[in-house]
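# An overview of the molecular structure
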Amino acid sequence: MTARRKQFLVTGGAGFIGSHLVDRLLAQNPARVVVIDNFDEFYDPQIKRANIAAHLNNQAYRLVEADIRDYAALKQIFSEQHFDAIIHLAAKAGVRPSVSDPRTYTEVNINGTMNLLDLAERNGIKKFIFGSSSSVYGPAAIPPFKEDAPLAPISPYAATKASGELLAHTYSHLYGMQIVCLRFFTVYGARQRPDLAIHKFARLISSRSPIQVYGDGGAERDFTYINDILQGVLAAIEYDSTPFEIINLGESQTITVNRMIELLEEALGQKAIIEYRSPQPGDMPRTHADISKARALLGYQPATPIEAGIKKFAEWFKRGAKS
Ligand SMILES: NC(=O)c1ccc[n+]([C@@H]2O[C@H](COP(=O)([O-])OP(=O)(O)OC[C@H]3O[C@@H](n4cnc5c(N)ncnc54)[C@H](O)[C@@H]3O)[C@@H](O)[C@H]2O)c1
């Protein structure tokens, strides 16, 4: 007897993290993957087309170009297919742009998440993974951040992610859905979003243009390599011991932005021209994950420290940022 193919719905599956996850799910035979993505213009949609180019040739893959705000379109997809699990990564990402466009962030990140939870419940889908963010903790959180720390978001983006977690908790409680909210800590690696610091700085350093650092460069970040995030997401899909969990996925090796720039300079073989500017509203002064819960519940073992990860990122970048 052959095993029934599991079918996963990945929202935002054309994006940075989502497209890597789809690579892994498709490699994990016998999985089928449906992706919902609207190729949002937050950054060049052609980059997302390139991310999924190889997926389109796979018989086990289906792309649905739809907006998660469009309930009717989502309802149609759920009426056609059953999903063993939903991995919800579609979102308006980015802290700073959310300050100037809070309503769109709310519509996509809160109403869109609501639409997916509602349709999951109506269609008897019990397993839901929500891509949350370290930004929910806020600037006063004591490092390393533990999942039970009080939340104090300071950007609309962070507030929408905290809201998504609350909706997820409600659905788990009311309908017995098995939900894991994963708080990602600054993810980087091949295909990283072009707006994120490592990728943006690499582009500017390579073209000998100045890079703007907001603050004095002493802000600390827990940079997490994409393969480690994937390890955590795949383990969360399998996890079923408790109905609802919120789990940090970080590297737990925080470094300053200045140190990250030094590592990037070494990896690219090029010095940066740095312009220091005032800190931006909404930016967190530090992020640092306590990953003991991820280790205990998911067997999570991040394996790529930033020194090694930046080299891998730079190799990808120097190849022309392809694949
Ligand atoms: N990259 C990080 O460092 C990081 C950190 C914390 C949390 N996250 C979260 O992880 C998830 C994935 O992030 P990413 O870095 O891969 O971002 P990304 O922007 O590359 O991917 C998000 C995808 O969602 C799609 N999308 C946006 N709005 C949509 C809509 N209305 N309908 C359908 N699809 C839509 C986009 O087109 C994109 O392909 C997001 O939820 C993000 O908030 C990312």
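Presented here is an overview of the structure given in this document. Residue indices follow the written sequence of each chain, beginning from 1 at its first position. A pLDDT threshold of at least 70 governs which residues receive local features in this predicted model, and a stricter bar of 80 or more applies before side-chain atom pairs are shown or counted, although totals over entire chains, interfaces and linings include all residues. Excluding hydrogens and water, the side-chain figures rest on all heavy atoms present in the structure.

### Some points on the overall build of the chain
Helix and strand content of the chain: eleven helices and 13 strands. On C-alpha atoms alone, the chain measures out to a radius of gyration of 19 Å, which is about the 20 Å that the 2.2 N^0.38 rule sets for 323 residues. Along the first, second and third principal axes, the C-alpha atoms of the chain reach 55 × 45 × 35 Å. When a residue's accessible area, from a 1.4 Å probe over protein chains only, is under 20% of the maximum for its type it is buried; when over 50% it is exposed; and in between it is partly exposed. Burial analysis of the chain (323 residues in total) assigns 53% to the buried set. What makes two residues a contact is simply this: any of their non-hydrogen atoms within 4.5 Å. Sequence-distant contacts in the chain: of pairs separated by 6 or more residues, those separated by 24 or more amount to 82%. With the model as given, the accessible surface of the chain reaches about 14,000 Å², and the carbon-plus-sulfur share is 51%. Positive charges are assigned to Lys and Arg, negative charges to Asp and Glu, while His and the chain termini are left out of the count. Charge positions come from single atoms, namely NZ of Lys, CZ of Arg, CG of Asp or CD of Glu. Averaged over its 36 positive side-chain charges, the chain has a centre that lies 3 Å from the centre of its 34 negative ones. A helix here means a DSSP run of H or I that spans at least four residues, while a strand means a run of E at least two residues long, and both kinds are numbered starting from the N terminus. The reference for a compact globule is 2.2 Å times residues^0.38; the radius of gyration itself is calculated from the C-alpha atoms. Computed with a 1.4 Å probe, the accessible areas rest on the Shrake-Rupley method; for each residue, only the protein chains presented here act as cover.

### Some points on the pairing of strand 8 (residues 210-214)
Of the two faces of strand 8, only one is covered, namely that formed by Ile-211 and Val-213; the face formed by Pro-210, Gln-212 and Tyr-214 stays uncovered. Pairing between strand 8 and strand 13 (residues 273-277): five bridges, direction parallel. Its bridge partner lying in strand 13, Val-213 is registered against Tyr-276. Only when DSSP finds a minimum of two bridges between them are two strands counted as paired.

### Things to note about the site of the ligand
Working definition: residue near molecule or strand if any one of its non-hydrogen atoms lies within 4 Å of it. The full set close to the ligand counts 28 residues, and Asp-37, Tyr-43, Tyr-157, Lys-161 and Val-187 are the nearest of them. Definition of a polar contact: a pair of N or O atoms within 3.5 Å, with one able to donate and the other able to accept a hydrogen when the atoms are protein atoms, and with sequence-neighbouring residues admitted only if both atoms are side-chain atoms. With respect to the ligand, the side chain of Asp-67 contributes an N or O atom lying 2.9 Å from a nitrogen atom. A distance of 2.8 Å is found between an oxygen atom of the ligand and a side-chain nitrogen or oxygen belonging to Lys-161. Contact with the protein chains removes 98% of the 820 Å² of surface that the ligand exposes when unbound. Where the shell around the ligand is concerned, the elements lending two or more residues are helix 1 (16-27), strand 5 (127-133) and helix 6 (156-175). Among the elements that take part in the shell around the ligand, strand 5 stands out by supplying three residues, more than any other. Residue polarity follows a fixed list, in which Ala, Val, Leu, Ile, Met, Phe, Trp, Tyr, Cys and Pro are nonpolar, Asp, Glu, Lys and Arg are charged, and the others, Gly among them, are polar. Classifying every residue of the shell around the ligand gives 15 nonpolar, seven polar and six charged.

### Points about the environment of Val-33
Tracing the sequence through the fold places Val-33 in strand 2 (residues 31-37). For Val-33, a relative accessible area of 1% corresponds to the buried category. For the pair Val-33 and Asn-58, spaced 25 residues apart in sequence, the C-alpha separation works out to 9.7 Å. Those residues within four positions of Val-33 in sequence are excluded, and the remaining contacts are Phe-8, Val-10, Val-22, Leu-25, Leu-26, Ala-60, Tyr-61 and Arg-62.

### Concerning helix 5 (residues 102-122)
Expected helix span is computed as 1.5 Å times (number of residues minus one). The first and last C-alpha atoms of helix 5 sit 29 Å apart over 21 residues, in line with the 30 Å expected at 1.5 Å per residue. Gly-124 lies just past helix 5 and shows a positive phi near 70 degrees.

### Focus on the pairing of strand 3 (residues 61-65)
Strand direction decides the pairing type here: strand 2 and strand 3, joined by five bridges, are parallel. Bridge assignment links Asp-37 to a residue of strand 3, and that residue is Glu-65. Crossover connection from strand 2 via helix 2 (residues 45-52) to parallel strand 3: handedness right-handed. The path from the first strand over the helix to the second decides the hand: if it runs clockwise while the strands point away from the viewer, the crossover is right-handed.

### Structural notes on the sheet that holds strand 6 (residues 178-184)
In space, the seven strands of this open sheet follow the order 3-2-1-4-5-6-11, with parallel pairing throughout. Each edge of the open sheet carries a strand with a single partner, namely strand 3 and strand 11 (244-249). Shown here is a sheet whose adjacent strand axes are inclined to one another by a mean of 20 degrees, direction ignored. In this sheet, strand 4 (residues 85-88) lies alongside strand 1 (residues 6-11) in parallel orientation, the contact comprising four bridges. Following the sheet pairing, Val-10 is matched in strand 4 by Ile-87. Together, strand 1, strand 2, strand 3, strand 4 and strand 6 form the strand contacts of helix 1, whose direction differs from that of strand 2 by roughly 165 degrees. Every axis corresponds to a line fitted to the C-alpha atoms, with the helix fit spanning only the stretch in contact, and the corresponding angles, defined between N-to-C directions, vary from 0 to 180 degrees. Against the sheet, helix 8 (residues 226-238) engages strand 1, strand 4, strand 5, strand 6 and strand 11, with an angle of about 170 degrees to strand 6.

### A few points about the packing of aromatic side chains
Only Phe, Tyr and Trp rings are paired, with Trp represented by its six-membered ring, and only when their centres lie within 6.5 Å; those with planes under 30 degrees apart are stacked, over 60 edge-to-face, the remainder tilted. Taken as a whole and assessed by the stated rule, the structure comprises eleven aromatic pairs. When the ring of Phe-313 is compared with that of Phe-317, the centres are 6.1 Å apart and the planes differ by 20 degrees; the resulting orientation is stacked. With Phe-313 and Phe-317 both in helix 11 (residues 306-318) and four residues apart, the pair spans about one turn of that helix. Given a relative accessible area of 15%, Phe-317 falls into the buried group. Clustering of aromatic rings is evident, with ring pairs tying together Tyr-137, Phe-145 and Phe-185. Note on criteria: charge over ring means Lys NZ or Arg CZ within 6 Å of the ring centre, with the direction from the centre no more than 35 degrees off the ring normal. Taking NZ or CZ as reference, Lys-48 lies 4.4 Å from the ring centre of Tyr-43, over its face. Arg-183 extends its terminal NZ or CZ atom over the ring of Tyr-137, reaching a point 4.7 Å from the ring centre.

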